[in-house]
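# Results of the structural survey
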Amino acid sequence: MEINNVKWDSKGLTPAVIQDDSSMNVLMIGYMNSKSLEITIKTNEVTFFSRSKQKLWTKGETSGNKLVVKSIELDCDNDTLLIKATPLGPTCHKENYSCFENETRNPLHMIDVLEKIVDRRMEDNNSDSYIKSLLNKGVKEISKKVAEEAGETAIAAVTDDGRLVEESADLFFHLLVLLKSQGLSVNDVMLELKKRNTSR
């Protein structure tokens with residue numbers, strides 16, 4: 001993406017739509033000028049131009065909730081940017097995942113939240129969390145736990161003991177940890193399902 005191809009408005013700005021590169025949810029919209037776009041490309045961290053304060057600002061420069069750039073595209077008119085990024089924490093200043101989605105209305109965002117937590121535990125060598133203990137045991141033990149949770153989920157469905165949702169949550173959580181331990185994510189599973197759906 002060439003900065004020279006961007007059609008700036010009369011104030012030298014263009015809107016930038018920020019999209020989660022994993023879930024594809026729209027996280028926020030900001031404005032960029034040529035300098036902020038240049039910095040974004042150079043640092044791989046989304047930097048905007050504040051119209052109210054008339055200055056550059058990098059998302060997460062105070063909160064730590066940065067947006068790590070994965071790709072930048074121009075729309076067909078060359079006057080709007082689409083930036084796919086990995087959010088390092090909540091994007092909205094109200095501590096919500098997205099500026100557009102109420103967390104209670106979009107429970108699927110919990111997948112991204114959980115994956116980020118697992119990622120942090122993987123990187124934290126001093127953590128004594130349950131996730132870290134699972135990861136330290138290795139893929140065989142994590143796989144055994146997934147099999148155990150799958151069995152408990154099936155039993156809950158057959159016995160109708162009211163624990164199906166709880167057991168399903170346990171199963172999903174441990175499956176997510178297994179995927180992450182192998183360098184994969186829920187998004188990889190979704191892409192496989194999408195591929196199967198289009199081939200049927």
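Up top you'll find the structure we're talking about.
Read on for a plain summary of the structure. (Residues numbered from 1 in each chain as written. Predicted model: local features only at pLDDT ≥ 70, side-chain atom pairs only at ≥ 80, totals over all residues. Heavy atoms only, no water.)

## So, the packing of aromatic side chains
Going through the model one piece at a time under the given rule, you end up with two aromatic pairs. Here Phe48 and Trp57 contribute two aromatic rings whose centre-to-centre distance is 5.1 Å and whose plane-to-plane angle is 35 degrees, an arrangement assigned as tilted. Relative accessible area serves as the criterion here: at 1%, Phe48 is assigned to the buried category. Given the relative accessible area of 26%, Trp57 is considered partly exposed. Judged by centre distance (6.4 Å) and plane angle (20 degrees), the rings of Tyr130 and Phe173 are stacked. (Phe/Tyr/Trp six-rings, centres within 6.5 Å; stacked < 30°, edge-to-face > 60°. Buried < 20%, exposed > 50% of the residue type's maximum accessible area, 1.4 Å probe, protein only.)

## Here we look at the sheet that holds strand 6 (residues 81-87)
One open sheet holds the four strands; their spatial order is 2-1-6-5, and the pairing between them is mixed. Of all strands in the sheet, those bounded by a partner on one side alone are strand 2 (26-32) and strand 5 (67-74). Strand after strand, the sheet turns through a mean of 25 degrees between neighbouring axes, direction not considered. Taken together, the six bridges between strand 1 (residues 14-20) and strand 2 define a ladder with antiparallel strand orientation. Bridged to Thr14 within strand 2 is Met32. (Pairing = 2+ DSSP bridges. Helix = DSSP H or I, 4+ residues; strand = E, 2+ residues; numbered from the N terminus. Axes fitted to C-alpha atoms, helices over the stretch in contact; angles between N-to-C directions.)

## Comments concerning helix 1 (residues 34-43)
Ser36, Leu37 and Thr40 are the residues of helix 1 that are buried. Taken down its axis, helix 1 places every buried residue within 100 degrees of arc, on the same side. On its buried side, helix 1 packs onto strand 2, strand 3 (47-50), strand 4 (55-58), strand 5 and strand 6. With its phi angle positive at about 65 degrees, Asn44 sits one or two positions after the end of helix 1. (Arc of directions from axis to C-beta. Contact = heavy atoms within 4.5 Å.)

## Describing the packing of helix 3 (residues 130-137) against helix 4 (residues 139-159)
With their axes 5 Å apart at the nearest point, helix 3 and helix 4 run at an angle of 120 degrees to one another. One element, helix 3, and the other, helix 4, form an angle in the oblique class. Between helix 3 and helix 4, the contacting residues are Tyr130, Leu134, Leu135 and Lys137 on the first element and Val139, Glu141, Ile142 and Lys145 on the second. By residue class, the composition of the contact of helix 3 with helix 4 is five nonpolar, no polar and three charged. (Parallel < 35°, antiparallel > 145°, perpendicular 65-115°, else oblique. Nonpolar A, V, L, I, M, F, W, Y, C, P; charged D, E, K, R; others polar.)

## As for the pairing of strand 4
The sheet contact formed by strand 3 and strand 4 spans four bridges and is antiparallel. Note on strand 4: the bridge partner recorded for Ser50 is Lys55. Counted along the chain from strand 3 to the antiparallel partner strand 4, the turn is four residues long, and its residue Gln54 has a positive phi close to 55 degrees.

## A closer look at the nonpolar core
If you look at the biggest cluster of nonpolar residues, it comprises 16 residues, and the most contacted ones within it are Ala16, Ile18, Met32, Val46, Phe48, Leu67 and Ile83. At the level of elements, strand 1, strand 2, strand 5 and strand 6 are the ones that each hand at least two residues to this core. If we skip the residues at most four places from it in the chain, Ile18 touches Asn25, Val26, Leu27, Met28, Val46, Phe48, Leu67, Ile83 and Ala85. With twelve residues, the next largest nonpolar core counts Leu134, Ile142, Phe173 and Val186 among its residues. (Core = buried A, V, L, I, M, F, W, Y, C linked by side-chain atoms within 4.5 Å.)

## Regarding unusual backbone geometry
Generally, phi is negative for residues other than glycine and the peptide bonds are trans, each holding for most cases. Positioned with a positive phi, Asn78 is a non-glycine residue whose angle comes to about 65 degrees. Relative to the helices and strands, Asn78 resides in the loop between strand 5 and strand 6. Taking relative accessible area as the criterion, Asn78 reaches 26% and is therefore assigned partly exposed. Positive phi, close to 55 degrees, is recorded for Asp160, a residue that is not glycine. Structurally, Asp160 can be placed in the loop between helix 4 and helix 5 (164-181).

## Topic: a nonpolar patch on the surface
Residues Val26, Ile29 and Phe100 make up a contiguous nonpolar surface patch of about 260 Å² in total accessible area. Topologically, Ile29 is positioned in strand 2. (Patch = residues over 30% accessible without salt bridge, like charges linked within 9 Å, V, L, I, M, F, W, Y side chains within 5 Å. Areas by Shrake-Rupley, 256 points an atom, 1.4 Å probe, with all protein chains shown as cover. Salt bridge = Lys/Arg side-chain N within 4 Å of Asp/Glu carboxyl O.)

## Here's the deal with the packing of helix 4 against helix 5
Interaxial distance between helix 4 and helix 5 falls to 8 Å at its minimum, and their mutual angle equals 160 degrees. In terms of orientation, helix 4 and helix 5 fall into the roughly antiparallel class. The element helix 4 and its partner helix 5 pack so that their crossing is left-handed. From helix 4, Val139, Ile142, Ser143, Lys145, Val146, Glu149, Ala150, Glu152, Thr153, Ala156 and Ala157 reach across to helix 5, where they touch Leu164, Glu167, Ser168, Asp170, Leu171, His174, Leu175, Val177, Leu178 and Ser181. In terms of residue class, the contact of helix 4 with helix 5 is built from eleven nonpolar, five polar and five charged. (Left-handed = near helix turned anticlockwise from the far one by under 90°.)

No statement about biological role is implied by the geometric values presented.
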